[in-house]
Amino acid sequence: MMTPMRYVLLVLGIIISLHFILSFSHEDYGRATSISRISNQIKGSTGRPPYMDGVPEEYRHPADVALPPSARRANATFVLLARNGDLNGVMMSMKQMEDRFNKKFQYPYVFLNEEPFSDEFKERILELTDAPVQFGLIPRDHWYQPDSIDEAKATAAREQMVKNQVIYGGSVPYRNMCRYNSGFFFRHELLQNYKYYWRIEPDVTYFCDLDYDPFLIMQDQNKVYGFTISLYEYEATIPTLWDAVKDFISENPDLIEEGNAMGFVSDNGGETYNRCHFWSNFELGDLDFWRGEAYMKFFEHLDSKGGFYYEASSYRWGDAPVHSIGAALLAKKEQIHFFNDIGYRHNPFQHCPQGDLHKKGKCWCNPKDNFDYEWYSCLARYDKLF
Ligand SMILES: Nc1nc2c(ncn2[C@@H]2O[C@H](COP(=O)(O)OP(=O)(O)OP(=O)(O)O)[C@@H](O)[C@H]2O)c(=O)[nH]1
Ligand SMILES: *[C@@H]1O[C@H](CO)[C@@H](O)[C@H](O)[C@H]1NC(C)=O
Ligand SMILES: [Mg+2]
């Protein structure tokens, strides 16, 4: 039901957004933007997370025409990890990304697979975009379980999880995928040429038109990680992951960043994990951050504990908690960005922009179906950092 007050607010919102849409032609887009002013927005505790200030208007490109090749762009690419059998789901996601964003902005795509992509896969994908597309093969030693893993122990762990009905508990390929996304994709040779990436998964939904370039926000504001959904890991999960994290912290105190987001992952200064993580099926990130000394050491440390293959209690270490804990401890909290205006769904959760943002993005999700402040979401914990 629309109360009169809400109606007035909605109309006001429409008038304000129309004003902005009409007052910026696409020539304004990417004009030598006041980067110094923007980096001023990365400030200390203000009581407000930076996303609440919205996207500076000079970033917007509302006109429905492709950006000229000379327009300013970030050093960035999409990344899709997929099997040949994922083709249909990949196309559904990619077609939407093209329509909602990339037919205007023309960022390239990198596809990765531990098996060669089929001709059919490549042909069908190439039909969807005018942007450059590259298909990469994952080196064997980046994907398969390393020899150091005790297979008897790993098998026992998987069998235990199947018994406990843990989702994907018995699957070796799923573990390979989680370990690959945690510690290897950014080392692929096709990604060496890029600094930022946006991960796309099969069968996801992008609800809104994006009229600005999130990669430029990442680059100009020195962000390392961007998310739209955050949530708790399953109950009774990954106890040994946090033990390994605590070892890492005590062995490498100098690598832990000042002003980090520890408060997002722990409620007691690091004693225990509160199970919050960013949902990594959607992520924008800084590849150089993952490739940097701190995260590489962090990943090698976790990998040496074997938990990507063994975690016996009830779960397997996923790339989502690993990325999230890495970003939370090794970056400043302001470097983690909530993309509030990107409407997104990966079953079974969705982020649907609210109010003015919903209108601005011409979003088609139901604003009442929004995970942000549901009981299982961690967004309130992110907000509380600031
Ligand atoms: N090349 C390759 N890609 C994989 C493999 N397993 C998963 N992926 C990809 O890794 C990503 C995550 O896999 P999903 O199966 O979506 O895992 P999930 O998101 O935890 O689970 P769903 O709820 O089923 O989506 C997707 O981009 C998959 O296409 C694999 O064995 N090989
Ligand atoms: C893009 O980023 C990568 C990784 O940092 C770097 O090696 C490369 O030189 C950059 N390219 C451009 C054009 O700046
Ligand atoms: Mg998925």
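Calculation criteria
- Residues numbered from 1 in each chain as written.
- Chains lettered and ligands numbered in written order.
- Predicted model: local features only at pLDDT ≥ 70, side-chain atom pairs only at ≥ 80, totals over all residues.
- Heavy atoms only, no water.
- UniProt positions renumbered as here; feature names shortened; annotations may be inferred.
- Pairing = 2+ DSSP bridges.
- Helix = DSSP H or I, 4+ residues; strand = E, 2+ residues; numbered from the N terminus.
- Axes fitted to C-alpha atoms, helices over the stretch in contact; angles between N-to-C directions.
- Disulfide = S-S within 2.5 Å.
- Buried < 20%, exposed > 50% of the residue type's maximum accessible area, 1.4 Å probe, protein only.
- Contact = heavy atoms within 4.5 Å.
- Donors = N, O, S within 2.8 Å, 3.2 Å for Na, K, Ca; no water.
- Parallel < 35°, antiparallel > 145°, perpendicular 65-115°, else oblique.
- Left-handed = near helix turned anticlockwise from the far one by under 90°.
- Nonpolar A, V, L, I, M, F, W, Y, C, P; charged D, E, K, R; others polar.
- Phe/Tyr/Trp six-rings, centres within 6.5 Å; stacked < 30°, edge-to-face > 60°.
- Near = heavy atom within 4 Å.
- Polar contact = N/O pair within 3.5 Å; in protein donor to acceptor, adjacent residues only side chain to side chain.
- Areas by Shrake-Rupley, 256 points an atom, 1.4 Å probe, with all protein chains shown as cover.
- Salt bridge = Lys/Arg side-chain N within 4 Å of Asp/Glu carboxyl O.

Per an unreviewed UniProt entry, the chain goes by the name Glycosyltransferase family 15 protein and belongs to Phanerochaete carnosa. Turning to the chain, the UniProt record has this under Sequence similarities (unreviewed entry): "Belongs to the glycosyltransferase 15 family."

Next up on the list: the sheet that holds strand β6 (residues 225–227). The sheet built from 7 strands is open, its strands ordered β3-β2-β1-β4-β9-β6-β10 with mixed pairing. The strands lining the two open edges of the sheet, one partner per strand, are β3 (133–137) and β10 (336–338). In this sheet, neighbouring strand axes are inclined to one another by 20° on average, regardless of whether the strands run parallel or antiparallel.

Taken as a whole and assessed by the stated rule, the structure comprises 3 disulfides. Residue pairing for C208: its cysteine sulfur links by disulfide to C363, the two sulfurs lying 2.1 Å apart. Taking the sign of the S-S torsion, about 110° here, the bridge from C208 to C363 comes out right-handed. Taken together, the residues C208 in the loop between β5 (205–206) and α8 (214–220) and C363 in the loop between α15 (355–360) and α16 (379–384) connect sequence positions 155 residues apart. For the pair shown, C208 and C363 are each scored as buried.

Locating N113 in the fold gives a position in strand β2 (residues 109–113). What makes N113 buried here is its relative accessible area of 2%. Excluding residues within four positions of it along the chain, N113 makes contact with A82, R83, N84, G136, L137 and I138.

Moving on: the coordination of the magnesium ion (ligand 3). Within the protein, the magnesium ion (ligand 3) binds to E201 (OE) and H346 (NE2); these donor distances fall in the range 1.9 to 2.3 Å. Within this pair, whereas E201 is found in the loop between β4 (196–199) and β5, its partner H346 is found in strand β11 (residues 344–346), the two being separated by 145 residues in sequence. Judged by its relative accessible area of 19%, E201 is buried.

Moving on, we come to the packing of helix α12 (residues 293–304) against helix α14 (residues 319–330). α14 packs onto α12 with a crossing angle of 135° between their chain directions and a minimal axis gap of 10 Å. Viewed along their axes, α12 and α14 adopt a mutual orientation that is oblique. As for the relative orientation of α12 and α14, their crossing is right-handed in sense. Of the residues in α14, those in contact with A294, Y295, F298 and L302 of α12 are V322, H323, I325, G326 and L330. For the contact of α12 with α14, the per-class residue count stands at 7 nonpolar, 2 polar and no charged.

With that out of the way, let us pick up the UniProt feature "active site" (unreviewed entry) in the chain. Look at the UniProt record and you will see "active site" (unreviewed entry) annotated at E283. Tracing the backbone shows E283 in strand β9 (residues 283–286). The contacts of E283, once residues within four sequence positions are left out, are Y197, W198, R199, Y225, G226 and H323.

Evaluated as defined, the whole model comprises 48 aromatic pairs. On the basis of an interplanar angle of 40° and a centroid distance of 5.5 Å, the ring pair of Y225 and F278 is categorised as tilted. Placement of the pair is Y225 in strand β6 and F278 in strand β8 (residues 276–278), with a sequence separation of 53 residues. Taken as a pair, Y225 and F278 share a single burial class, namely buried.

The next thing to look at is the environment of A380. For A380, the position within the fold is in helix α16. For A380, a relative accessible area of 42% translates into the label partly exposed. Between the alpha carbons of A380 and S230 there is a distance of 9.6 Å; along the sequence they are 150 residues apart.

The next thing to look at is the site of ligand 1. What surrounds ligand 1 is a group of 14 residues, the closest being L81, D86, E114, Y168 and Y174. Side-chain polar atom of Y174 to an oxygen atom of ligand 1: 2.6 Å apart, as the coordinates give it. Look at ligand 1: alone it shows 620 Å² of surface, and the protein chains cover 80% of it. The element that contributes the greatest number of residues to the shell around ligand 1 is helix α7 (residues 172–183), accounting for 3 residues. The class makeup of the residues in the shell around ligand 1 is 8 nonpolar, 2 polar and 4 charged.

Applying the stated rule across the entire model yields 20 salt bridges. The shortest N-O distance in the salt bridge between R199 and D319 comes to 2.9 Å. One end of the pair, R199, is in strand β4; the other, D319, is in helix α14, with 120 residues separating them in the sequence. Both residues of the pair, R199 and D319, count as buried. When salt bridges with common partners are traced through the structure, they connect E57, R60, D211 and K360 into a single cluster.

With that settled, the discussion passes to the side chain of S182. Among the structural elements, S182 can be located in helix α7. S182 sits in the buried class, given a relative accessible area of 0%. Apart from residues no more than four positions distant in its own chain, S182 is found in contact with Y295, F299, F308, G318, D319, V322 and H323.

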